[in-house]
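The chain contents come next:
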Amino acid sequence: MSKAKDGPTYVRIAEDIRSRIRQGDPPAGALLPSEAALARTYGVARGTVRQAVAELERVGLVASEAGRGRRVMGEGPPGARRAASTQYETVAEELRKRIESGELVPGRQLPSEAAMADELGVSKGTVRQAFQLLASEQMIAAVHGRGWFVGGPDHAQTRADDVADALRHEIASGQLSIGAMLPGENVLAQERGVARVTVRRALALLETEGVIEKRAGRGRVVRSQPPGLS
């Protein structure tokens, strides 16, 4: 193990494992030895090894695989990327391509785990692992109560935000005039290709801004120009 004496034991173990991985022992794509084996190697308790491995997971050097252990992700030259060797890595690579091509732009909400699983024919657990891998690379981040977003929580844009933005622009451009009645939630959902709950959230945003209001017996009516767009 490293001769450095500064820092907790688990930190020194993590640094030693990191150094070994850089030297190709074990190589990228291989499974890390078990906690029990590492505990014997370093002569420490499994809890100490668990802390060391958790540190390696935190920086994306290794990743957990359900029922298999922890796989070495590796530390290659800047920009280097090894071929995907597991199902979740294949999913992560597909999402990377969408992000890098601009199909998924910063601030864009990712599809749900269930939707992504259906699209790619994998389990939700596999999608969750892919999301966690991309999060370790700081390509995406989870926003509590809202989902996963490209680049992180700053300026996170949900589908409800998209619908609200579209309606704001239609009102500002005169397509929907002051006093005009908005279509019902079901109609808007069909027109925008989203769920009804998404439309409801978008309308709630516009009501909060005072752009539209709900009137008894009429539904939602355009009340004023959107702030900053008039």
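Going by the structure above, here's the rest.
Attention in this report is confined to the structure presented alongside it. (Residues numbered from 1 in each chain as written. Predicted model: local features only at pLDDT ≥ 70, side-chain atom pairs only at ≥ 80, totals over all residues. Heavy atoms only, no water.)

Description of the overall build of the chain
Point 1. Helix and strand counts for the chain stand at nine helices and six strands.
Point 2. A buried classification covers 39% of the 230 residues belonging to the chain.
Point 3. Nonlocal contacts in the chain, meaning residues at least 24 apart in sequence, comprise 50% of its contacts between residues at least 6 apart.
Point 4. Only carbon and sulfur atoms are counted for the fraction: they give 49% of the accessible area of the chain, which is about 12800 Å². (Helix = DSSP H or I, 4+ residues; strand = E, 2+ residues; numbered from the N terminus. Buried < 20%, exposed > 50% of the residue type's maximum accessible area, 1.4 Å probe, protein only. Contact = heavy atoms within 4.5 Å. Areas by Shrake-Rupley, 256 points an atom, 1.4 Å probe, with all protein chains shown as cover.)

Regarding helix α3 (residues 46–58)
Think of an α-helix as 3.6 residues a turn; residues three or four steps apart then line up on the same face.
Point 1. Between its terminal C-alpha atoms α3 stretches 18 Å, which fits the 18 Å expected from 13 residues at 1.5 Å a residue.
Point 2. Along α3, the residues that are buried comprise Thr48, Val49, Ala52, Val53 and Leu56. The buried residues of α3 occupy an angular sector of 130° when projected down its axis, which confines them to one face.
Point 3. Buried residues in α3 make contact with α1 (9–22), α2 (35–42), β1 (62–65) and β2 (69–72).
Point 4. Note on α3: the residue one or two positions beyond its end, Gly60, has a positive phi of about 80°. (Expected span 1.5 Å × (residues − 1). Arc of directions from axis to C-beta.)

So, the pairing of strand β6 (residues 219–222)
Point 1. Relative to β6, strand β5 (residues 212–215) runs antiparallel, the two being bridged by four bridges. What sits directly across from Arg215, in β6, is Gly219.
Point 2. The turn joining β5 and β6, which pair antiparallel and follow one another in sequence, is formed by three residues; a positive phi near 80° is taken by Gly217. (Pairing = 2+ DSSP bridges.)

Looking at the nonpolar core
Point 1. By size, the foremost hydrophobic cluster in this structure holds 21 residues, and its most contacted members are Leu95, Leu110, Phe131 and Ile140.
Point 2. Taken together, the elements giving at least two residues each to this core come down to α4 (87–101), α5 (113–120), α6 (124–136) and β4 (147–150).
Point 3. If sequence neighbours within four positions are ignored, Leu110 has contacts with Leu95, Leu104, Phe131, Ile140, Trp148, Val150 and Arg159. (Core = buried A, V, L, I, M, F, W, Y, C linked by side-chain atoms within 4.5 Å.)

What to know about the environment of Ala54
Point 1. For Ala54, the location among the structural elements is in helix α3.
Point 2. When its relative accessible area of 38% is taken as the criterion, Ala54 is described as partly exposed.
Point 3. In the structure, Ala54 is positioned 10 residues away from Ser64 in sequence and 9.7 Å away in space, judged by C-alpha atoms.

Examining the pairing of β4
Point 1. When strand β3 (residues 140–143) meets β4, the two strands line up antiparallel, connected through four bridges. Following the sheet pairing, Ala141 is matched in β4 by Phe149.
Point 2. In sequence, β3 turns back onto β4 through a hairpin of three residues, with Gly145 there showing a positive phi of about 80°.

Topic: the environment of Ile140
Point 1. Within the secondary structure, Ile140 is located in strand β3.
Point 2. The buried category is assigned to Ile140, whose relative accessible area is 3%.
Point 3. Taking the C-alpha atoms as reference points, Ile140 and Val150, 10 residues apart in sequence, are found 4.3 Å from one another.
Point 4. Beyond its immediate stretch of four places on either side in the chain, Ile140 contacts Ile99, Leu110, Phe131, Leu134, Ala135, Trp148, Phe149, Val150 and Gly151.

Here's the deal with the pattern of salt bridges
Point 1. By the definition in use, this model includes 20 salt bridges.
Point 2. For Arg196, the salt bridge is made with Glu185, and the minimal N-O distance between the two is 2.8 Å. Of this pair, Arg196 sits in helix α9 (residues 196–209) while Glu185 sits in helix α8 (residues 185–192), and the two are 11 residues apart along the sequence.
Point 3. Overall, the relative accessible area of 42% leaves Arg196 in the partly exposed class. (Salt bridge = Lys/Arg side-chain N within 4 Å of Asp/Glu carboxyl O.)

Things to note about the packing of helix α7 (residues 159–172) against α9
Point 1. Running from amino to carboxyl end, α7 crosses α9 at an angle of 55°, the nearest separation of the two axes being 8 Å. Between α7 and α9, the angle is such that the two are oblique. When you trace α7 past α9, the crossing you get is right-handed. Across the interface between the two elements, Arg159, Ala160, Asp161, Val163, Ala164, Leu167 and Arg168 of α7 pack against Thr198, Arg201, Ala202, Leu203, Leu205, Leu206 and Glu209 of α9.
Point 2. Class assignment of the residues belonging to the contact of α7 with α9 gives a composition of eight nonpolar, one polar and five charged. (Axes fitted to C-alpha atoms, helices over the stretch in contact; angles between N-to-C directions. Parallel < 35°, antiparallel > 145°, perpendicular 65-115°, else oblique. Left-handed = near helix turned anticlockwise from the far one by under 90°. Nonpolar A, V, L, I, M, F, W, Y, C, P; charged D, E, K, R; others polar.)

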